[in-house]
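Each chain, letter by letter, is given below.
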Amino acid sequence: MRQSVDVIVVGYHGERWLRECLSTLRDPMGGGCRVVLVDNGGNGDIASLRLDEEPTIVLETPRQMGFAEANNFALQQVGLEAGAVCFLNQDTRSQPGWLEACLECLERYPGVGAVSPLLRNYDDTDWDPAFLTCSRESHRLTNAISRWTKRDDFYEVPRVTAAAMVVRSDVLREVGPFDPLFGSYYEDYDLCLRICRAGYRVGVCGRGTVCHYSGSSTTTKEAERKRMRQVIRNRVILRCREAGGHRLRSILSYFATSFPRNLARGIRQTTSSQPVSVQLAAHLGLLAHFPRLISARADQRAWSAYLNRIGWHPKCD
């Protein structure tokens with residue numbers, strides 16, 4: 001490893017995933033890598049994972065937290081002493097050398113604030129769906145992964161997922177951690193938005209690969225409905241933030257077009273539509289945050305208040 005890195009893995013009902021996640025991560029690990037395992041509930045016997053083999057810190061959350069808040073909890077506990085932080089999902093399998101490749105990418109391109117490896121599905125038979133969505137923002141990356149040509153070190157895209165995201169620690173100090181307003185889903189895109197607005201680039205390292213299952217915490221029908229409520233809700237929050245100074249216009253446009261169209265699709269039960277009850281519950285969940293949605297100033301005040309509340313002054317190098 002060319003620079004030190006803390007790898008944060010949030011475990012939530014992760015008995016099926018954590019052993020493979022940690023063992024494949026360790027195989028290619030070199031010096032300067034420390035694993036921070038966050039026990040966020042339902043993980044069985046953590047001690048059986050043989051955590052003494054590599055530098056590892058185990059943290060237990062005081063209560064069950066969303067993905068964003070659980071990662072922030074880890075950052076507050078261990079600080080930002082390493083040169084970079086890697087957010088890694090529990091349902092991943094590491095391919096050799098990916099983390100070192102991402103760190104080398106950050107070293108080679110000082111203006112890059114965050115980078116992700118190539119993401120395949122868990123069985124390595126196809127590309128991860130969320131990764132494909134991100135890759136469509138770059139014609140070079142789309143061509144590279146469709147033709148299996150020689151891949152470059154770095155492809156710039158507006159956002160990457162936190163399934164495997166490596167971020168410079170100094171950038172995190174500047175822009176802040178994940179916003180717990182999201183809970184889970186789209187908190188990674190929101191972080192990328194802030195990184196880009198701070199003047200840094202975000203992208204994909206073409207020399208590293210991680211396999212990702214996607215959705216390991218969704219094991220029941222009710223859990224899937226809860227997940228979709230969060231996805232729909234958080235998609236609207238991100239849309240408002242992306243609108244910049246035109247938030248009110250953006251949200252009025254959304255409720256005049258997209259919202260009724262999606263409701264109609266739910267009534268007709270078309271392919272990939274969500275039940276009306278799920279959609280209504282997702283949008284009702286937005287009411288408490290409506291001032292933040294339509295006003296960038298109110299949103300910034302709430303964000304600053306959160307940073308002050310958690311004392312966002314992580315330990316430095």
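Cut-offs used in this document
- Residues numbered from 1 in each chain as written.
- Predicted model: local features only at pLDDT ≥ 70, side-chain atom pairs only at ≥ 80, totals over all residues.
- Heavy atoms only, no water.
- Helix = DSSP H or I, 4+ residues; strand = E, 2+ residues; numbered from the N terminus.
- Rg over C-alpha atoms; globule rule 2.2 N^0.38 Å.
- Buried < 20%, exposed > 50% of the residue type's maximum accessible area, 1.4 Å probe, protein only.
- Contact = heavy atoms within 4.5 Å.
- Areas by Shrake-Rupley, 256 points an atom, 1.4 Å probe, with all protein chains shown as cover.
- Lys, Arg positive; Asp, Glu negative; His and termini not counted.
- Charge placed at Lys NZ, Arg CZ, Asp CG, Glu CD.
- Pairing = 2+ DSSP bridges.
- Polar contact = N/O pair within 3.5 Å; in protein donor to acceptor, adjacent residues only side chain to side chain.
- Phe/Tyr/Trp six-rings, centres within 6.5 Å; stacked < 30°, edge-to-face > 60°.
- Expected span 1.5 Å × (residues − 1).
- Bend = angle between axes of the 7 residues up to and from the residue.
- Axes fitted to C-alpha atoms, helices over the stretch in contact; angles between N-to-C directions.
- Parallel < 35°, antiparallel > 145°, perpendicular 65-115°, else oblique.
- Nonpolar A, V, L, I, M, F, W, Y, C, P; charged D, E, K, R; others polar.
- Patch = residues over 30% accessible without salt bridge, like charges linked within 9 Å, V, L, I, M, F, W, Y side chains within 5 Å.
- Salt bridge = Lys/Arg side-chain N within 4 Å of Asp/Glu carboxyl O.

Caption draft 1: Looking closely at the overall build of the chain. Looking only at helices and strands, the chain has twelve helices and nine strands in total. Radius of gyration (C-alpha) of the chain: 19 Å, near the 20 Å computed for a compact globule of 317 residues. In terms of principal-axis extent, the alpha carbons of the chain reach across some 55 × 50 × 40 Å. When burial is assessed residue by residue, the chain has 51% of its 317 residues classed as buried. Contacts spanning at least 24 positions in sequence make up 74% of the contacts within the chain whose residues lie at least 6 apart. Accessible surface computed for the chain: about 14700 Å², of which carbon and sulfur atoms make up 50%. Side-chain charges of the chain comprise 41 positive and 35 negative groups, with the mean position of each set lying 9 Å from the other.

Caption draft 2: Expanded view of the pairing of strand β4 (residues 84-88). Counting buried residues in β4 gives five out of five residues, a clear majority hidden from the surface. Of the two faces of β4, the one carrying A84, C86 and L88 and the one carrying V85 and F87 are both buried. Across five bridges, strand β1 (residues 5-11) lies against β4 in parallel orientation. Paired with V7 across the strands is C86, a residue of β4. Note that β4 and strand β8 (residues 164-168) share five bridges and pair antiparallel. Bridging across to β8, F87 finds its partner in M165.

Caption draft 3: Up close: the side chain of N43. Position of N43 among the secondary structure elements: in the loop between β2 (33-39) and β3 (56-60). The exposure class assigned to N43 is buried, which follows from its relative accessible area of 6%. For N43, the side chain forms a polar contact with the main-chain oxygen of G11, separated by 2.7 Å. For N43, the side chain forms a polar contact with the side chain of D39, separated by 2.7 Å. In this structure N43 touches G11, Y12, H13, G14, E15, L18 and Q90, once residues within four positions along its chain are discounted.

Caption draft 4: How the structure looks around the packing of aromatic side chains. Applying the stated criterion to the full structure yields eleven aromatic pairs. Between W17 and Y213, the ring centres sit 4.6 Å apart and the planes meet at 40 degrees, which makes this aromatic pair tilted. In this pair, W17 sits in the loop between β1 and α1 (18-26) while Y213 sits in the loop between β9 (201-212) and α8 (221-242), placing the two residues 196 residues apart along the sequence. Judged by relative accessible area, W17 falls into the buried class, the value being 3%.

Caption draft 5: Focus on helix α9 (residues 247-268). Taking 1.5 Å of rise per residue, the 22 residues of α9 would be expected to cover 32 Å, and the 30 Å separating its terminal C-alpha atoms lies within 8% of that figure. The largest bend in α9 amounts to roughly 40 degrees and is located at F255. Inspection of α9 places R247, S250, I251, Y254, S258, F259, L263 and G266 among the buried residues, and these make up the whole buried set. Each element contacted by the buried residues of α9 is listed here: α8, α10 (276-284), α11 (290-294) and α12 (296-310).

Caption draft 6: Just the packing of helix α7 (residues 187-197) against α8, in detail. In the contact formed by α7 and α8, the axes pass within 10 Å of each other and the chain directions differ by 10 degrees. By the criterion of interaxial angle, the relationship of α7 to α8 is roughly parallel. From α7, Y189, D190, L193 and R197 reach across to α8, where they touch L238, R241 and E242. Across the contact of α7 with α8, the residue classes tally to three nonpolar, no polar and four charged.

Caption draft 7: Structural context of a nonpolar patch on the surface. The grouping of L248, L252, F290 and I294 at the surface amounts to a nonpolar patch, some 350 Å² of accessible area in total. Where the nonpolar patch is concerned, the elements lending two or more residues are α9 and α11. With respect to the helices, strands and loops of the structure, F290 is situated in helix α11. We classify F290 as partly exposed; its relative accessible area is 35%.

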